Amino acid sequence: MTPDPLNRLVAQLAKLPGIGEKTAQRLAFHILRAPSEYAVDLSQAIREVKEKVHLCTRCFSLTDTELCGFCRDSRRDERVLCVVETFADLMALERTREFKGRYHVLHGVLSPLEGIGPDQLRIRELLERLADSKVEEIILATNPDVEGEATSLYLMRLLKPLGLRVSRIAQGLPMGGDLEYADQATLAKALSARREL
C-alpha cells in the first residue's frame, strides 16, 4: 500500500551494509520529511562520490586528485610505510594521531578459499613503490585474523630480503579489558608480545 518510489528507496537503502529493513524505512522517512534541498544535496553527494573519488596512484587510498592528501603531505615521514587492508583501516589508524608516516592500501587480504591471491591485491605495486623510495621500515597492520595473519606472513617473506625493517602492529588485550574474559589466543599473544617497562 506504500508508494512505489518509497518502496524503491527503502529497498536501495536496505542494500547498504549494516542496514536492515526497519532502519532503511526510518532513513527513507527521514529523507521524505526533510526539506527538498536535503534530498538534492544527498543525491548530488552520492553522484559525486561515484564520479570523482578514485584510487591514489601511489598508495591506493581514496582521493579525488591524482595523489591523496597523505601522499601530498610533505610533513609525513617517507621512511616509514604502514601497509593496511582497507581504506577504513587507514582511517582508524589516522584517528589515533600517532602514525606520521605514509600508507599503502592492499584492498583486501589473501584468501585462497575465496580465490584471492597476491595478484588480486596491491602487492606488486607495493614492491614497485619500494624499488625507488626512501622507505626504511614497513609496518604490517593487517587484521589479527587468519587471512590477515597469512597476508602479513606472506608480505614479511617478500620484504625481509629487501633489507628493510619489517614490523607488525602489536596484538593483545584491549585497553579497559579484563584478563578474566579474554580468550586464550588473545592472552597468549599478549604474553608473547610483552615489552619491558
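Our subject is the structure listed above.
Residues numbered from 1 in each chain as written. Predicted model: local features only at pLDDT ≥ 70, side-chain atom pairs only at ≥ 80, totals over all residues. Heavy atoms only, no water.

Our focus in this paragraph is the overall build of the chain. Counting its regular elements, the chain contains eight helices and six strands. Helices and strands in the chain line up, N terminus first, as α-α-α-β-β-α-β-α-β-α-β-α-β-α. Radius of gyration (C-alpha) of the chain: 21 Å, far over the 16 Å computed for a compact globule of 197 residues. Here the C-alpha coordinates of the chain stretch approximately 65 × 50 × 35 Å along the principal axes. Of all 197 residues assigned to the chain, the portion counted as buried reaches 30%. Side chains of the chain give 28 positive and 29 negative charges; the mean places of these two sets differ by 2 Å. (Helix = DSSP H or I, 4+ residues; strand = E, 2+ residues; numbered from the N terminus. Rg over C-alpha atoms; globule rule 2.2 N^0.38 Å. Buried < 20%, exposed > 50% of the residue type's maximum accessible area, 1.4 Å probe, protein only. Lys, Arg positive; Asp, Glu negative; His and termini not counted. Charge placed at Lys NZ, Arg CZ, Asp CG, Glu CD.)

Between helix α6 (residues 123–131) and helix α7 (residues 146–159), whose axes approach to 12 Å, the crossing angle comes to 30°. When the axis of α6 is compared with that of α7, the two are roughly parallel. α6 and α7 meet at a crossing whose hand is right-handed. Note on element contacts: α7 touches α6 through Y154, L155, L158 and L159, opposite I123, L126, L127 and L130. (Axes fitted to C-alpha atoms, helices over the stretch in contact; angles between N-to-C directions. Parallel < 35°, antiparallel > 145°, perpendicular 65-115°, else oblique. Left-handed = near helix turned anticlockwise from the far one by under 90°. Contact = heavy atoms within 4.5 Å.)

Right, let's talk about the environment of T65 for a bit. Looking at where T65 falls in the secondary structure, it is placed in the loop between β2 (62–63) and α4 (69–72). Sequence spacing of T65 and I139 is 74 residues, and the spatial spacing of their C-alpha atoms is 26 Å. Leaving out residues up to four positions away in the same chain, T65 has contacts with H54 and R72. Side-chain polar atoms of T65 contact the backbone oxygen of L67, separated by 2.6 Å. (Polar contact = N/O pair within 3.5 Å; in protein donor to acceptor, adjacent residues only side chain to side chain.)

Let us now look at the packing of aromatic side chains. Scanning all chains against the criterion turns up two aromatic pairs. Joined through ring pairs, the aromatic side chains of F70, F99 and Y103 make up one cluster. (Phe/Tyr/Trp six-rings, centres within 6.5 Å; stacked < 30°, edge-to-face > 60°.)

All we've got here are geometric facts, nothing functional implied.
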